[in-house]
Amino acid sequence: MFQTSPLSPMIAKLARRHPLGSTEVDALLALPHRVARLERGSFLVREGDRATHCRVLLSGFVYRHKCTGEGARQIVSIHLKGDLVDLPNVMLDVADDSIQALTEVSVAIVPAEEILALALASPNIAKAMWADTMVDASILREWLINVARHDARQRIAHLICELALRQEAAGVCERLEYYWPLTQEQLGETTGLTSVHVNRTLQKLRAEGLLRTSARQLIVSDWEGLKVAGDFTAGYLHLTPATPSLARAFESA
C-alpha cells in the first residue's frame, strides 16, 4: 500500500526528518485527500487565502513568492516532490504569501484539520512536521545570505547546487543530470538579478566548463568546481537517510 499511495513521497520525506514507525505510517496513509493536476503558472495558494487545506507536491516544481506594493516579485522558496508546500498555513490560518506552479504539477490536497488532528495525536508525526518546517527556515536563511552577501556568479551556482542535491534526495533525477524549471526571469527573481545579468552569468558558468543546459535540463560537468563557485556547503539542507525499517519502501516510492 505504501508504494501505491499518492502520499508516499510525503511520508518518505517526513521519515527522513524524524523516525516513523508502522503505526505512524499507517496513520499518514489514511489521511483523506484528493489528487489534482495543475498547469504551469496555476496558483496553489494566493496571499490572504484561508488555510482550509494543505497540499502535498507529488510531481513537478512550485515556488513561493511575495510581491512589493509596486508589483515586483521575489521568489522566496522552491518546492519539489514530497514537500508539504503550505504546512505553516495550517497553524497560521491565513496565507501570507502565494504559491504558484513552476511546471505542470500533481498535488494531493488534504484537509488542514486532518493534518492538525494527526499532529496533535502523534508526537512522532508532529516532530517530523516540525523538523520539516525548521529545515525550510534553514533554507530561507541560506537564501538570505546568498542574495545579501554573494556576487551574481556565487548566487546562481549556489542555487544550482542546492536544487541539484534536493532533487537527488527526493529521487526525481539521476546524479549530475537535473531538471531546471526556472526561466531566466524567474532565476532573476530568486537571486535578485536582472534577466540580462542572469544570462551573462549562466554563459560564464558554461564557458568555465561547470555546467551545460538544454531546454529544461541542466547537466553539472564539474560538481566540485560548481560548489567552489557557489561557496556552497550542504549542511543547511539537513539531508539525512531514511529510517532503516522503511528504507526499502522509500526506495520504491
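Position numbers for residues start from 1 in each chain and track the written sequence from start to end. Residues qualify for local features only when their pLDDT is at least 70, as the model is predicted, and side-chain atom pairs are given and counted only at 80 or more; totals for whole chains, interfaces and linings, by contrast, use all residues. Each side-chain value is worked out from all heavy atoms of the structure, with water and hydrogens disregarded.

Where each domain begins and ends is defined by an automated method or by a domain database. Examined at the domain level, the chain breaks down into domain 1 (8-133) and domain 2 (151-230). Computed over C-alpha atoms, the centres of domain 1 and domain 2 are 25 Å apart. Contact with domain 1, which involves 14 residues of that partner, is made by 15 residues of domain 2. Note on terms: buried area is the combined drop in 1.4 Å-probe accessible area of two parts once they are placed together, counting the loss on both. Between domain 1 and domain 2 lies a buried interface of about 1,300 Å² when both sides are counted; carbon and sulfur atoms form 57% of it. It is Phe-61, Ile-78 and Leu-80 that lose the most area in domain 1 upon contact with domain 2, and together they represent 35% of the buried surface on that side. Salt bridges are counted wherever a side-chain nitrogen of Lys or Arg sits within 4 Å of a carboxyl oxygen of Asp or Glu. Counting every contact that joins domain 1 to domain 2 gives two salt bridges. By definition in these notes, contact holds between two residues if any of their heavy atoms fall within 4.5 Å.

Remark: a regular strand shows side chains that alternate across the two faces of the sheet. Here three bridges tie strand β8 (residues 177-179) to strand β10 (residues 217-220), and the two strands are oriented antiparallel to one another. Bridge pairing links Tyr-179 to Gln-217 in β10. Any two strands with at least two DSSP bridges between them are considered paired. The helix count covers DSSP runs of H or I at least four residues long, the strand count covers runs of E at least two residues long, and both are numbered beginning at the N terminus. In the sheet, strand β9 (residues 211-214) pairs with β10 via four bridges, with the strands oriented antiparallel. Of the residues in β10, the one forming a bridge with Ser-214 is Gln-217. The hairpin turn running from β9 into β10, its antiparallel successor, is two residues long, and Ala-215 in that turn takes a positive phi close to 50°.

If you look at soluble globular proteins, the nonpolar side chains tend to sit buried side by side. For our purposes a nonpolar core is just a set of buried Ala, Val, Leu, Ile, Met, Phe, Trp, Tyr and Cys residues, chained together by side-chain atoms within 4.5 Å. Each residue is assigned to one of three classes by its accessible area relative to the maximum for its type, calculated with a 1.4 Å probe on protein chains only: buried under 20%, partly exposed between the two thresholds, exposed over 50%. By size, the foremost hydrophobic cluster in this structure holds 38 residues, and its most contacted members are Ile-78, Ile-156, Trp-180, Leu-182, Leu-187 and Leu-226. Among the secondary structure elements, those contributing two or more residues to this core are β5 (73-79), α5 (123-149), α6 (152-170), α8 (195-207), β10 and α9 (223-229). Counting residues per element, this core draws most heavily on α6, which supplies 10 residues. Here this core spans two domains, and each of domain 1 (8-133) and domain 2 (151-230) adds at least three residues to it. Every residue in contact with Ile-156, bar those within four places of it in the chain, is listed here: Leu-187, Thr-191, Leu-193, Val-198, Thr-201, Leu-202 and Leu-205. Core analysis: the second largest hydrophobic core is formed by 25 residues, Met-10, Val-25, Leu-31 and Val-90 among them.

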